[in-house]
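Okay, here's what each chain looks like letter by letter:
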Amino acid sequence: HEISLFLRSLTTAPVLAGGFLKQITSRLGIQNAVVLYRSQAAQSDLAAATQEMELNCSPMLERAHRLWSAGNPSGFRGISRSEVLENPIFAPLRKEWLAIFEPLGSDLLIPIVFEHEVRGLVSCAAKSQRKEYRGEDLMLLSTLTEQLALSLENCIRYEQSEKSKDEYHRLYDEAERTKRRLIE
């Protein structure tokens, strides 16, 4: 419930993503988590992690978008590393999936879907004390990730509107100064 309330706050997208990660890792006992996101409205990709990581977002986001969108047997639901390794349905694209799991040190990937399109992912590493993810963990993370998608888009659009407003005020002030000089 607290995480849902946090996701309704109007802040910057990086702060929101970082706060989301801190909350899910502490509440669920996850060792590390990562958010990668690409908004059509933003000029750059968003990456947030609970631990310092060197991330090359673009190829992972493109691969995630392609895999979840191209007839993926899982639809738009989360996928575990063990499922990719053990389920024969993933055999044809196993290497592609593992190319996302491995650099992130992930045990679980959940797509961030906005407007019926995969825009990013939430990566969750192993849980503390090597506990397994349960069905209710996946349901909770999937629900929160759905909320995260909308919240990130709202934050990005809010930031853009604030920048536009600031630019408008700057241009207005400049026009007023120019007008005063012309009158003098």
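To start, this report covers the structure provided alongside it. Quantities reported herein were computed from a predicted structural model and do not represent experimental measurements. (Residues numbered from 1 in each chain as written. Predicted model: local features only at pLDDT ≥ 70, side-chain atom pairs only at ≥ 80, totals over all residues. Heavy atoms only, no water.)

Observations concerning helix α3 (residues 57-69)
- For α3, which comprises 13 residues, the first-to-last C-alpha distance of 18 Å matches the rise-based estimate of 18 Å (1.5 Å per residue) to within 8%.
- Within the span of α3, buried status applies to C57, M60, L61, A64, L67 and W68. Across the axial projection of α3, the buried residues extend over an arc of 140°, all falling on one side.
- Against the buried residues of α3 lie β1 (33-37), β2 (46-49), β3 (79-80), α5 (94-104), β4 (108-114) and β5 (117-124). (Helix = DSSP H or I, 4+ residues; strand = E, 2+ residues; numbered from the N terminus. Expected span 1.5 Å × (residues − 1). Buried < 20%, exposed > 50% of the residue type's maximum accessible area, 1.4 Å probe, protein only. Arc of directions from axis to C-beta. Contact = heavy atoms within 4.5 Å.)

Focus on the packing of helix α2 (residues 13-28) against helix α6 (residues 135-183)
- Their axes nearest at 9 Å, the elements α2 and α6 cross at an angle of 165°. Here α2 is positioned roughly antiparallel relative to α6, judged by the angle of their axes. For the pair α2 and α6, the sense of crossing is right-handed. Across the interface between the two elements, A13, P14, L16, A17, F20, I24 and L28 from α2 touch D137, L140, L141, L144, T145, L148, S151, L152, C155, I156 and E159 from α6. (Axes fitted to C-alpha atoms, helices over the stretch in contact; angles between N-to-C directions. Parallel < 35°, antiparallel > 145°, perpendicular 65-115°, else oblique. Left-handed = near helix turned anticlockwise from the far one by under 90°.)

Topic: the packing of α3 against α5
- Viewed as axis vectors pointing N to C, α3 and α5 meet at an angle of 140°, and their least axial separation amounts to 10 Å. One element, α3, and the other, α5, form an angle in the oblique class. α5 is crossed by α3, and the crossing has left-handed handedness. Note on element contacts: α5 touches α3 through E96, W97, A99, I100, P103 and L104, opposite M60, R63, A64, R66, L67 and W68.
- Its residues assigned to classes, the contact of α3 with α5 shows nine nonpolar, no polar and three charged. (Nonpolar A, V, L, I, M, F, W, Y, C, P; charged D, E, K, R; others polar.)

What to know about the nonpolar core
- Core analysis: the biggest nonpolar cluster contains 28 residues, and F20, I24, V35, Y37, V122, L148 and L152 have the highest contact counts within it.
- Counting only elements with at least two residues in this core, the list comes to α1 (2-7), α2, β1, β2, β4, β5 and α6.
- Sequence-distant contacts of V35, that is, excluding residues within four places in its chain, are made with A17, F20, L21, L46, A47, A48, I112, L121, V122, L148 and L152.
- The next biggest cluster of nonpolar side chains, apart from the first, holds 20 residues, and it includes V34, C57, L67 and L109. (Core = buried A, V, L, I, M, F, W, Y, C linked by side-chain atoms within 4.5 Å.)

Some remarks on the pairing of β5
- Counting buried positions along β5 gives seven out of eight residues, so the element sits mostly inside the fold.
- Direction of pairing for β1 relative to β5: antiparallel, over a ladder of five bridges. What sits directly across from V34, in β5, is S123.
- Linkage of β4 to β5, two consecutive antiparallel strands, is achieved through a turn of two residues, within which E115 is found at a positive phi near 50°. (Pairing = 2+ DSSP bridges.)

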